[in-house]
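Descriptive structure summary
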Amino acid sequence: MRGRPLLNTSYAQDMALLDTPAKRLWAGLLVALALALPVVLADRSLEVLAGAYALAIGAIGLNIVTGYAGQVSLGHAFFVAIGAYTAAALSGPPGGRTLGFGVAEIWIWLPAAGLAAAAAGVLVAPLATRLRGLYLAVVTLGLVFLGEHVFKEWKALTGGPGVGREAAVPRLLGYPLDQDGPLGTKEQVLYVLMLALLVLFAVAARNLARSRVGRAFAAIRDRDIAAAVIGVPLTRYKVLAFGVSSFYAGCAGGLLYTVSGYVEPGSFSLLLSVQFIAMVLIGGVATVSGSIAGALFISLLQPLTRTLPALVPVVSADTTRTPNVFQVETVLYGLLIVLFLVFEPRGLFGLWVRVRAYWKSWPFSY
């Protein structure tokens, strides 16, 4: 209602995607600002942001299973790897050094990457019906080490450790999206592509969260025994949560390495899973916007930490020396997770809620 945006007179108004004029205005402004960035930023900055948007899709997927459904998962890197190699194999040239089928159309290999990862997630999901909490976390953690070994040994698919292979080649209706052309530079085209896909996946996740399925996820997260008592089929929705989360992870894996054009088995280690967990916890659990904010925060933090060897001589850029920049990054992720959990459990989204509440109530303290 005009002048009273928080007064909802129907269920449809309460469940609207953007239920206030302010939210619709700010969402439009943010999308417009993101679309204007290719004009003002350099190609290197656009490449970093394109990778951040791909990571944000994976972070949204992890938030679906952990934040919305309450199922702890430390194996997100495993599903990202399945999506990355499925996309690379489908779009790779046939008869080459590594497995390839020559299907470079993104509208084919991107859903296929998501479906391959979702199939793996559905196979793992029955464990979620028998385990929970720390036990489930340990089982999903084992997937990372299992996948790391398999992908290092399966050289026909991955190229082997230290060698790798070319990532998925993005083409849309025959037009190459990984080359400079009339639409702009390679970085500009990939940036717009990642932004469009991020908006699509974010809207889909938000609609899922406010649907009947999302309410069932929340009931299971809050108290699974009570959810079963009121008629929520636990097995069905836990399997669905893992499947949807893995689909997002697979799509993120297929997109993430198209930016650099190269994928290597060592990329899918425990550190990648820790990064996704940090994105969710720092951005905000059970919020789509928090997942995006957390992914941007972590992605923009990496270029800063990579400059540490030039600023702090003690920190080395050589991985064989200690301490090196990658060890500092790992420690920093853990420190940020602890600080946010202690001082702001709702993450960056919680900070925004505090600022918004203060602004709306100013100058009154109540």
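The structure under discussion appears in the preceding block.
Structural notes, computed from the coordinates. Small disclaimer: the values here were computed from a predicted structure and weren't measured.

Here we take up the side chain of Thr158. Tracing the backbone through its elements, the reader meets Thr158 in helix H8 (residues 155-158). Within the structure, Thr158 has its side chain in polar contact with the backbone oxygen of Phe151 (distance 2.6 Å). A distance of 3.0 Å separates the side chain of Thr158 from the backbone oxygen of Trp154, its partner in a polar contact. Not counting chain neighbours up to four residues away, the residues in contact with Thr158 comprise Tyr85, Phe151, Gly164, Arg165 and Pro265.

Our next topic: the nonpolar core. Grouped together as the largest cluster of nonpolar side chains are 91 residues, with contacts concentrated most on Ile60, Leu255 and Phe268. The leading source of residues in this core is helix H3 (residues 43-68), at 14 residues. Aside from chain neighbours lying at most four places away, what touches Phe268 is Ala77, Val80, Ala81, Ala84, Tyr85, Val144, Glu148, Tyr257 and Val263.

Tallied over the full model, the rule gives three cavities of 30 Å³ or more. For the largest cavity, the calculated volume is near 40 Å³. The wall of the largest cavity is formed by Ala77, Phe78, Ala81, Leu143, Val144, Gly147, Glu148, Phe151, Pro265 and Phe268. Elements that contribute at least two residues to the lining of the largest cavity include exactly helix H4 (76-91) and helix H7 (134-153). For the lining of the largest cavity, the element with the highest residue contribution is H7, accounting for five residues. Here the lining of the largest cavity is built from residues that sort into eight nonpolar, one polar and one charged.

Taken as a whole, this structure holds six salt bridges when the rule is applied. Where Glu47 meets Arg44, a salt bridge forms, and the shortest distance between an N and an O atom there is 3.6 Å. Of this pair, Glu47 and Arg44 both sit in helix H3, three residues apart, roughly one helical turn. By relative accessible area, Glu47 is classed as partly exposed at 24%. Since its relative accessible area comes to 55%, Arg44 is described here as exposed. The shortest N-O distance in the salt bridge between Glu344 and Arg354 comes to 3.1 Å. With a gap of 10 residues between them, Glu344 in the loop between helix H16 (325-343) and helix H17 (347-361) and Arg354 in helix H17 connect regions that are remote in the sequence.

Once that is clear, we can look at the layout of surface pockets. When its volume is computed, the second largest pocket comes out at roughly 920 Å³. Lining of the second largest pocket is provided by 26 residues; of these, Leu256, Tyr257, Gln275, Gln302 and Arg306 occupy positions nearest its centre. Contributions of two or more residues to the lining of the second largest pocket are made by H3, strand S4 (262-263), helix H13 (270-283), helix H14 (288-305) and H16. Per-element accounting of the lining of the second largest pocket gives the leading share, six residues, to H3. Here the residues of the lining of the second largest pocket sort into 13 nonpolar, eight polar and five charged.

Looking now at the packing of H4 against H13. Packed helix pairs are specified by the crossing angle of their axes together with the interaxial distance, meaning the distance between the axes. Across the interface, H4 lies against H13 with an axial gap of 7 Å and an inter-helix angle of 110°. As judged from the angle between their axes, H4 and H13 are roughly perpendicular. Each of His76, Ala77 and Val80 in H4 lies in contact with H13, whose residues at this interface are Leu272, Ser273 and Phe276. Here the residues of the contact of H4 with H13 sort into four nonpolar, two polar and no charged.

This part covers a nonpolar patch on the surface. Together, Leu17, Leu18, Val31, Leu35, Val192, Val199 and Val203 make up an exposed nonpolar region whose accessible area comes to about 480 Å². For the nonpolar patch, the secondary structure elements donating two or more residues are helix H2 (21-40) and helix H9 (186-209). Here the nonpolar patch gets three residues from one element, more than from any other, and that element is H9. Inspection of the secondary structure puts Val203 in helix H9.

What counts as what
Residues numbered from 1 in each chain as written. Predicted model: local features only at pLDDT ≥ 70, side-chain atom pairs only at ≥ 80, totals over all residues. Heavy atoms only, no water. Helix = DSSP H or I, 4+ residues; strand = E, 2+ residues; numbered from the N terminus. Polar contact = N/O pair within 3.5 Å; in protein donor to acceptor, adjacent residues only side chain to side chain. Contact = heavy atoms within 4.5 Å. Core = buried A, V, L, I, M, F, W, Y, C linked by side-chain atoms within 4.5 Å. Buried < 20%, exposed > 50% of the residue type's maximum accessible area, 1.4 Å probe, protein only. 1 Å grid on protein atoms, 1.4 Å probe; cavity = no way out; pocket = protein on both sides within 12 Å on 5 of 7 lines; lining within 4 Å. Points joined across faces, edges and corners; volume = space filled by probe spheres on them. Nonpolar A, V, L, I, M, F, W, Y, C, P; charged D, E, K, R; others polar. Salt bridge = Lys/Arg side-chain N within 4 Å of Asp/Glu carboxyl O. Axes fitted to C-alpha atoms, helices over the stretch in contact; angles between N-to-C directions. Parallel < 35°, antiparallel > 145°, perpendicular 65-115°, else oblique. Patch = residues over 30% accessible without salt bridge, like charges linked within 9 Å, V, L, I, M, F, W, Y side chains within 5 Å. Areas by Shrake-Rupley, 256 points an atom, 1.4 Å probe, with all protein chains shown as cover.

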